[in-house]
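# Examination of the molecular architecture
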Amino acid sequence: MTGLAAVLFDMDGTLVDTEVLWWRTTEAIAADLGYALTDADAPEVVGRAVEDTAAHLVRAARAGDAYEVARALTGSFFSQVEAGAPMRPGAQRLLSALEAEGLPFALVSASPRVVVDSVVGGSLAHVPFAFTLSADDTPRTKPHPDPYRAAAARIGAEPWSCVAVEDSPDGAASAEAAGCGVLVVPSLLAVPPSPVRTFAPSLSEVTPATLRACLEAASRV
């Protein structure tokens, strides 16, 4: 077993506090379709790709066109993110600690490229990511393994030598299916346990040593 090669961070709800913005966006678009969003819709909204959420809204409302709904979701969410997306508690401290140790880290998001670039050019402009991956950069996005497999390959490491930091069920499923160690810091949705998942209540509780322990725990499964 080799050491920790890289850390792969989810963006929305993990590094930046955008999950609430996404929920509000979806709630407003749903209302335009004549549908009232409830907690029961959360699994189809939180951590999901725009296209998945749009398809869900069209099914639930029995109205609208999925392509147009996806465009409306992206445009509205982008406008809110442009106004500012604060970093999650402990995120800056952890990123600085990884940088100080020379551990590479990248961003792996299920958000569209336009949203990723907005956040990385704004709230995360000072963060030296090795690279960023968006939903537009792989054939399939989360919960499929494609994003994390692509990220590991791009960073020049095997997935099993990387730890993914996630906040949602779909994100955790994506990272686990790719073969990564998984650190879960839940935000809006509860994430089910798994033998390869380590949980932390906040990034404020996480250090590089925590991530190495997470990888070691996953390797014993």
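For the structure, see preceding data.
The sections below set out a description of the structure shown in this document. (Residues numbered from 1 in each chain as written. Predicted model: local features only at pLDDT ≥ 70, side-chain atom pairs only at ≥ 80, totals over all residues. Heavy atoms only, no water.)

Before going further, it helps to examine the overall build of the protein chain. Summing up its helical and strand segments, the protein chain has eight helices and six strands in all. Its C-alpha atoms give the protein chain a radius of gyration of 17 Å, within 12% of the compact-globule value 17 Å for 221 residues. On the principal axes, the C-alpha backbone points of the protein chain span a range of 55 × 35 × 30 Å. Per-residue burial for the protein chain yields a buried fraction of 52% across its 221 residues. Pairs at least 24 apart in sequence give 63% of the contacts found in the protein chain among residues at least 6 apart. Summed over its atoms, the accessible surface of the protein chain is roughly 9200 Å², and 54% of this surface lies on carbon and sulfur atoms. Here the protein chain carries 15 positive and 27 negative side-chain charges, and the mean point of each set is 4 Å from the other. (Helix = DSSP H or I, 4+ residues; strand = E, 2+ residues; numbered from the N terminus. Rg over C-alpha atoms; globule rule 2.2 N^0.38 Å. Buried < 20%, exposed > 50% of the residue type's maximum accessible area, 1.4 Å probe, protein only. Contact = heavy atoms within 4.5 Å. Areas by Shrake-Rupley, 256 points an atom, 1.4 Å probe, with all protein chains shown as cover. Lys, Arg positive; Asp, Glu negative; His and termini not counted. Charge placed at Lys NZ, Arg CZ, Asp CG, Glu CD.)

Secondary-structure assignment places A200 in the loop between strand 6 (197-199) and helix 8 (208-219). In this structure, the C-alpha to C-alpha distance between A200 and V185, residues 15 residues apart in sequence, is 5.2 Å. Setting aside its immediate chain neighbours within four residues, A200 contacts L183, V184, V185, P186 and V206.

For the rest of this paragraph, the subject is the pairing of strand 4 (residues 162-166). Summarising burial for strand 4: five of the five residues are buried, a large majority. The alternating pattern of strand 4 places C162, A164 and E166 and V163 and V165 on opposite faces, both of which are buried. As defined by bridge partners, strand 1 (residues 6-9) adjoins strand 4 across four bridges and the pair is classed as parallel. Each residue of the ladder has a partner; that of V7, found in strand 4, is V163. As paired strands, strand 4 and strand 5 (residues 181-184) are joined by four bridges and run parallel to one another. Counted as the bridge partner of A164 is V182 from strand 5. (Pairing = 2+ DSSP bridges.)

So, about the sheet that holds strand 6. On the basis of which strands lie adjacent, the open sheet formed by six strands has the order 3-2-1-4-5-6 and parallel pairing. The sheet terminates laterally at strand 3 (132-133) and strand 6, the two strands that pair on one side only. In this structure, strand 1 lies alongside strand 2 (residues 105-108), joined through three bridges in parallel fashion. The partner of L8 across the bridge, within strand 2, is A106. Sheet strands in contact with helix 4 (residues 91-101) are strand 1 and strand 2, and its direction is about 155 degrees off that of strand 1. (Axes fitted to C-alpha atoms, helices over the stretch in contact; angles between N-to-C directions.)

All chains considered together, the criterion is met by twelve salt bridges. Between R48 and E44 there is a salt bridge, with its nearest N and O atoms 3.2 Å apart. On the accessibility criterion, R48 (19% relative accessible area) is buried. For R113, the salt bridge goes to D117, with nearest N and O atoms at 2.9 Å. Of the two residues, R113 and D117 both sit in helix 5 (residues 113-120), four residues apart, roughly one turn of that helix. Taking relative accessible area as the criterion, R113 reaches 21% and is therefore assigned partly exposed. Residue class for D117 comes out partly exposed when judged on its relative accessible area of 43%. Through salt bridges that share partners, E44, R48, D52 and D170 make up one connected network. (Salt bridge = Lys/Arg side-chain N within 4 Å of Asp/Glu carboxyl O.)

Turning our eyes to something else, we now look at the packing of helix 6 (residues 146-155) against helix 7 (residues 169-178). Between helix 6 and helix 7, the least distance of the axes is 7 Å, while the angle of their chain directions is 55 degrees. Overall, the two elements helix 6 and helix 7 adopt an arrangement that is oblique. For the pair helix 6 and helix 7, the sense of crossing is right-handed. Counting all contacts with helix 6, which are made through P147, Y148 and R149, the residues of helix 7 involved are G171, S174, A175, A177 and A178. Of the residues that constitute the contact of helix 6 with helix 7, the class distribution is five nonpolar, two polar and one charged. (Parallel < 35°, antiparallel > 145°, perpendicular 65-115°, else oblique. Left-handed = near helix turned anticlockwise from the far one by under 90°. Nonpolar A, V, L, I, M, F, W, Y, C, P; charged D, E, K, R; others polar.)

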